[in-house]
Amino acid sequence: MAGKTALIVLAHQERTSFNYAMKEAAVTVLKKEGWNVIESDLYAMQFNPVTSRDDITGNPKDPNHFKYGSETAKAWKEGRLTKDIVEEQKKIEMADLIIFQFPLYWFGTPAIMKGWFERVLCLDFAYNYKTLCSEGPFKNKKALLSFTTGSLQSMFTPSGIDGDINVILWPLQNGVLNSCGFKVLAPQISYSVAHVSQEVRVETLKSWEKRLETIWDEKPIKYLPVKDFEDFSGGFSLKKEVEESLSASKYAPTVGQNLGKPLPPDSQVKAEGSRLS
Ligand SMILES: Cc1cc2nc3c(=O)[nH]c(=O)nc-3n(C[C@H](O)[C@H](O)[C@H](O)COP(=O)(O)OP(=O)(O)OC[C@H]3O[C@@H](n4cnc5c(N)ncnc54)[C@H](O)[C@@H]3O)c2cc1C
């Protein structure tokens, strides 16, 4: 993978954690495979996750009502975002692949990583309403979530107490990554790492290492392309003809665009072609 760059964004406080071990495994294997690897170890960097006026330099457009989205978009265009945001944006620009490594906190990322999304993925740099999703700014990059859970795998099923993992993943994988155009690779989920045996944890690390050897060749998860939707004036609704063309299929096209049908099995945990259609 000479010439390709991977960015690993880690959100864990401890170097002795399983998340840190997953991050280290990724750094080692990717480097061995010829990748240039860069890292953002958010707790070690003491990354500030709080959005505020202090994220821009110079005068705000409207000091009486500071609108974070439009103020930071303008500051991005004019080179007035603060240094810590700009540094992270440069890393994204360099990266072909981004791995987000974190423990699942309240069905999402730890706040420090959520704050990274909020501050770094600013309007016009990472998304805008003219080029959404499949046409988004990062359409030539791949990204994946690698996370650990406290709950057992059986708890993340349609009949489990936490509910279907595909539903839990939709906001992060579609709402953040696909919205910015990233090709979203299947997540790496390490279930219940504190409660499994040491042998299982060692096996988990080994299979992650194996996967990383060929990760760039993986096909992404399927999302509906932006051309299937109306534009802003049409409210970004699914085009009638697309909806009609999907009417015969047994399953919904996606978790979100479910058209009232059964959710497509495994659609957020497996790439297209490796699941039921
Ligand atoms: C605020 C909060 C919210 C949470 N919300 C959720 C939730 O919504 N859903 C859910 O399922 N869980 C939730 N959890 C639980 C959380 O996801 C788990 O505690 C976390 O995923 C465990 O990962 P870790 O890296 O911290 O594990 P650790 O406890 O650090 O590690 C697990 C084990 O792996 C061992 N280990 C470390 N390195 C290696 C290595 N190289 N090889 C083999 N073993 C190793 C460690 O010694 C330890 O025994 C939440 C936790 C918190 C604090």
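Structure shown above.
Here the structure is a predicted model, which means the values were calculated and not measured.

### Points about the site of the ligand
Part 1 of the reasoning: Lining the immediate surroundings of the ligand are 21 residues, of which His12, Asn19, Leu104, Trp106 and Thr148 lie closest.
Part 2 of the reasoning: Side-chain polar atom of His12 to an oxygen atom of the ligand: 2.7 Å apart, as the coordinates give it.
Part 3 of the reasoning: Between a nitrogen atom of the ligand and a main-chain N or O atom of Trp106, the distance comes to 2.7 Å.
Part 4 of the reasoning: The fraction of the free accessible surface of the ligand (1000 Å²) that becomes covered by protein chains is 66%.
Part 5 of the reasoning: Going through the elements one at a time, α1 (18–32) and α6 (198–213) are the ones with two or more residues in the shell around the ligand.
Part 6 of the reasoning: For the shell around the ligand, the per-class residue count stands at 11 nonpolar, 9 polar and 1 charged.

### Focus on a negative patch on the surface
Part 1 of the reasoning: Taken together, the side chains of Glu230, Asp231, Glu241 and Glu244 present a region of like negative charge at the surface.
Part 2 of the reasoning: Within the element layout of this structure, Glu241 appears in helix α7 (residues 240–245).
Part 3 of the reasoning: Since its relative accessible area comes to 52%, Glu241 is described here as exposed.

### Section: unusual backbone geometry
Part 1 of the reasoning: With phi around 50°, Gln46 is a residue other than glycine that occupies positive phi space.
Part 2 of the reasoning: Along the chain, Gln46 falls in the loop between β2 (36–41) and α2 (68–77).
Part 3 of the reasoning: Under the relative-accessibility criterion, Gln46 is labelled exposed at 67%.
Part 4 of the reasoning: At Ser192, a residue that is not glycine, the phi angle is positive and equals roughly 50°.
Part 5 of the reasoning: Mapped onto the elements, Ser192 comes out in the loop between β6 (188–190) and α6.
Part 6 of the reasoning: Using a relative accessible area of 2% as the deciding quantity, one classes Ser192 as buried.

### A short note on the packing of helix α3 (residues 83–94) against helix α4 (residues 111–120)
Part 1 of the reasoning: Two elements in contact, α3 and α4, have axes separated by 10 Å at closest approach and are oriented at 90°. When the axes of α3 and α4 are compared, the pair comes out roughly perpendicular. Between α3 and α4, the residues in contact are Asp84, Ile85, Glu88, Gln89 and Ile92 and Trp116, Arg119 and Val120, respectively.
Part 2 of the reasoning: In terms of residue class, the contact of α3 with α4 is built from 4 nonpolar, 1 polar and 3 charged.

### Some remarks on the pairing of β2
Part 1 of the reasoning: Inspection of the sheet shows strand β1 (residues 5–10) paired to β2 by 6 bridges, in the parallel sense. In the sheet register, Ala6 faces β2, and the bridge partner there is Val37.
Part 2 of the reasoning: Since β1 and β2 lie parallel, the crossover through α1 that links them has a hand, and here it is right-handed.

About the thresholds
Residues numbered from 1 in each chain as written. Predicted model: local features only at pLDDT ≥ 70, side-chain atom pairs only at ≥ 80, totals over all residues. Heavy atoms only, no water. Near = heavy atom within 4 Å. Polar contact = N/O pair within 3.5 Å; in protein donor to acceptor, adjacent residues only side chain to side chain. Areas by Shrake-Rupley, 256 points an atom, 1.4 Å probe, with all protein chains shown as cover. Helix = DSSP H or I, 4+ residues; strand = E, 2+ residues; numbered from the N terminus. Nonpolar A, V, L, I, M, F, W, Y, C, P; charged D, E, K, R; others polar. Patch = residues over 30% accessible without salt bridge, like charges linked within 9 Å, V, L, I, M, F, W, Y side chains within 5 Å. Salt bridge = Lys/Arg side-chain N within 4 Å of Asp/Glu carboxyl O. Lys, Arg positive; Asp, Glu negative; His and termini not counted. Charge placed at Lys NZ, Arg CZ, Asp CG, Glu CD. Buried < 20%, exposed > 50% of the residue type's maximum accessible area, 1.4 Å probe, protein only. Axes fitted to C-alpha atoms, helices over the stretch in contact; angles between N-to-C directions. Parallel < 35°, antiparallel > 145°, perpendicular 65-115°, else oblique. Contact = heavy atoms within 4.5 Å. Pairing = 2+ DSSP bridges. Right-handed = clockwise from strand over helix to strand, strands pointing away.

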